[in-house]
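So the chains spell out like this:
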Amino acid sequence: MEKKYPVPPFTLETALQKVQYAEDAWNSKDPVKISKAYTIDSEWRNRDKFVNGREEIVKFLSDKWKKELNYKLKKEYWAHTDNRIAVRFEYEYMDEKGNWFRAYGNENWEFDENGLMAKRYASINDLPIKESDRKFK
């Protein structure tokens, strides 16, 4: 059985580790690598999109980074319980036309006993910014 450490039940220390690992993985922009942190049948709600399973995760992320160029993400721990973690995040990206955006959001994560994320629910809002207003370079 595959495991993705740390596994639940989470302590503050292991929840913080899980958040950092997620940030590092997403900043790699490697959809296959990222998908391996999720269960085979993981459920996502990302904005107005519903994604189910690793294959759809890989496709979703591949499509995302074709449109969201120069992507850079920062996640921040918010709270946790035994097998759940809540985070807030912001990321910046440039679209195909050279316009910059900062996205703000919250995610709720639920993990299985092996530390794989079974559910991910994300609410995200985009704010147009000037390139000179970027935080993450």
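The text that follows walks through the structure, step by step, so that each part is easy to find. Computed from a predicted model, the values in this text were never measured in an experiment. (Residues numbered from 1 in each chain as written. Predicted model: local features only at pLDDT ≥ 70, side-chain atom pairs only at ≥ 80, totals over all residues. Heavy atoms only, no water.)

This brings us to the pattern of salt bridges. Side chains bearing opposite charge may pair, as long as their charged atoms lie close to each other. A complete count under the given rule lists 14 salt bridges for this structure. The shortest N-O distance in the salt bridge between E68 and K64 comes to 2.7 Å. An identical accessibility class is assigned to E68 and K64; each is buried. Between K75 and E107 there is a salt bridge, with its nearest N and O atoms 2.6 Å apart. Pair noted here: K75 is in strand β3 (residues 69-80) and E107 is in strand β5 (residues 100-111), with a separation of 32 residues, a long-range link. Here K75 matches E107 in class, with each residue buried. Ionic contacts of the salt-bridge type, sharing partners, join the residues E76, R88, E90 and K135 into one network. (Salt bridge = Lys/Arg side-chain N within 4 Å of Asp/Glu carboxyl O. Buried < 20%, exposed > 50% of the residue type's maximum accessible area, 1.4 Å probe, protein only. Helix = DSSP H or I, 4+ residues; strand = E, 2+ residues; numbered from the N terminus.)

Moving on, we come to the side chain of T39. Here T39 shows up in strand β1 (residues 38-46). What makes T39 buried here is its relative accessible area of 8%. In this structure the side chain of T39 is engaged in a polar contact, spanning 3.0 Å, whose partner is the backbone nitrogen of S42. Excluding its chain neighbours within four sequence positions, the residues that come into contact with T39 are R54, D112, L116, M117 and A118. (Polar contact = N/O pair within 3.5 Å; in protein donor to acceptor, adjacent residues only side chain to side chain. Contact = heavy atoms within 4.5 Å.)

Right, let's talk about the layout of surface pockets for a bit. Taken as a whole, the largest pocket encloses approximately 280 Å³ of empty space. Taken together, N46, R47, D48, K49, F60, D63, K64, K67, E68 and Y93 form the lining of the largest pocket. Residue composition of the lining of the largest pocket, grouped by class: 2 nonpolar, 1 polar and 7 charged. Estimated volume of the second largest pocket: approximately 240 Å³. (1 Å grid on protein atoms, 1.4 Å probe; cavity = no way out; pocket = protein on both sides within 12 Å on 5 of 7 lines; lining within 4 Å. Points joined across faces, edges and corners; volume = space filled by probe spheres on them. Nonpolar A, V, L, I, M, F, W, Y, C, P; charged D, E, K, R; others polar.)

Once that is clear, we can look at the pairing of β3. As defined by bridge partners, β3 adjoins strand β4 (residues 84-94) across 9 bridges and the pair is classed as antiparallel. For H80, the partnering residue across the bridge sits in β4 and is I85. The turn linking β3 back onto β4 is made up of 3 residues. (Pairing = 2+ DSSP bridges.)

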